[in-house]
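The chain contents come next:
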Amino acid sequence: MNAGTTTEATARPARWDGVTGTYPQWYEDPLSCLHTTLGSVLMEHGLEPVDVLGAACEFAFAPGDVMCEEFYRPAQSSRGVAADLCPYHDVESAWTTGSDADDLIRLIETHSGVIVAVDNYHLPFRPAFHDVHAAHLVVVPGWRRTPAGDVEFYVSDAQPPGFQGWLSAEHLVNSWTSGNPSDTQDVFFSSREIGGRVLTTKVRPQPDGSGTVPTAQAVRGNLDRWTNGTAGPSDRVWTGRAGLRRFVERLQDSCGDPEALRSAYTFGWTMQAQAFLHGRFAQERAHRTRQSPLLEVAASADRVVSAWSNVRLLSAHAARTDGITELIPRRGAELVLAYEQLAADWRLVLAGEGADPR
């Protein structure tokens, strides 16, 4: 139930308390706001973000679809980006839109997890306030009416410097409906209208009540997606090994066009974040189950993270980098090799066990 209201029941668990301001927050570098906001919603529902978001690790790229937004990830399934990132749990999401405070109140009252797209330029708690336009996501779990009759929304933003608290409807709606114009200070995450977008989420309990996916199931699923990926002329999303190889070929073909390379910085963030979380997942499972091959998985996932850093930063600064035509193929090959090693380590884990250790 929203703080300040007493008449309407909602599906929100009791662990969130709008009066004391204890909405769960979760952040680790190099996660983007997509992962941190979804992770916070998972925590609100009693799930561990690393256990849920870290189980899956895959490559997925939709050519021609990369948006100038920190939270961009190509949609794969009809159940939304949250389902794509949490394939072993009953989680789904959907994008919708609104235009004013009443619309946002209705969405909060209807859904148990509401993530709002915003422009940092209009948020007083962001360093970019009235300085830089950039797309971002925050969790908005509640609303209230002040004694003066004004509407305020509770906003949770785990991204540094971090914030949670009540914010006037004016600030939030301005940010939520911003045109997010092109900004030379942030060419990666400006220029696409925010347009009142909201990511609504559903998180249902696991049948066994644990919320924990067996390690072998997660590893096997990752290996299957890597091995059986597709990148044909009619495939909307390039996936797995085949998809990564075509993605790298596309980077090589774009060596002379810095504008075309720039999207790798945006797109690669989500892939990098997912690999980072998978490394954390494997490391924690290794310590929990005393399976040393999982430590190799963790190390290989970290190498994928590093390889993405090289590709992303090189693509971002291509216009000012000497020898770009030689560096792009080299960094691309390193990225492929890192994923191949990760897949080899998944096979070793599966070859060395007969059960599904938790």
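Residues numbered from 1 in each chain as written. Predicted model: local features only at pLDDT ≥ 70, side-chain atom pairs only at ≥ 80, totals over all residues. Heavy atoms only, no water.

1. Focus on the packing of aromatic side chains
Step number 1: For the structure on display, the rule yields 17 aromatic pairs.
Step number 2: When the centroid spacing of 5.7 Å and the interplanar angle of 45 degrees are considered together, the rings of Phe189 and Trp269 count as tilted. Taken together, the residues span a long stretch of sequence, with Phe189 in the loop between helix H5 (169-176) and strand E7 (197-203) and Trp269 in helix H9 (residues 263-289) at a distance of 80 residues. Assigned by exposure class, Phe189 and Trp269 land together as buried.
Step number 3: Ring centres of Phe267 and Trp308 lie 5.8 Å apart, and the angle between their planes is 80 degrees; on these two criteria the pair is classed as edge-to-face. Placement of the pair is Phe267 in helix H9 and Trp308 in helix H10 (residues 292-316), with a sequence separation of 41 residues. (Phe/Tyr/Trp six-rings, centres within 6.5 Å; stacked < 30°, edge-to-face > 60°. Helix = DSSP H or I, 4+ residues; strand = E, 2+ residues; numbered from the N terminus. Buried < 20%, exposed > 50% of the residue type's maximum accessible area, 1.4 Å probe, protein only.)

2. As for the sheet that holds E7
Step number 1: Judged by pairing direction, the sheet is antiparallel, and its six strands sit side by side in the order E2-E7-E3-E4-E5-E6 without closing on themselves. Of all strands in the sheet, those bounded by a partner on one side alone are strand E2 (91-97) and strand E6 (163-168). The sheet shows a mean angle of 35 degrees between the axes of neighbouring strands, direction not considered.
Step number 2: When strand E3 (residues 113-119) meets E7, the two strands line up antiparallel, connected through four bridges. Within E7, the position partnered with Gly113 by the bridge is Thr201.
Step number 3: Strands in contact with helix H4 (residues 101-110) are E2, E3, strand E4 (135-145), strand E5 (151-157) and E7; relative to E4, the strand with the most contacts, it is inclined by about 85 degrees. (Pairing = 2+ DSSP bridges. Axes fitted to C-alpha atoms, helices over the stretch in contact; angles between N-to-C directions. Contact = heavy atoms within 4.5 Å.)

3. Let's talk about the confidence of the model for the chain
Step number 1: For the chain, mean pLDDT is 91; residues scoring 70 or higher make up 94% of the total.
Step number 2: Ranking the elements of the chain by mean pLDDT puts helix H8 (residues 258-261) last with 88 and H5 first with 98.
Step number 3: The low-confidence segment residues 1-11, where pLDDT is below 50, has 20 contacts with residues more than four positions distant or belonging to other chains. (pLDDT = per-residue confidence, 0-100.)

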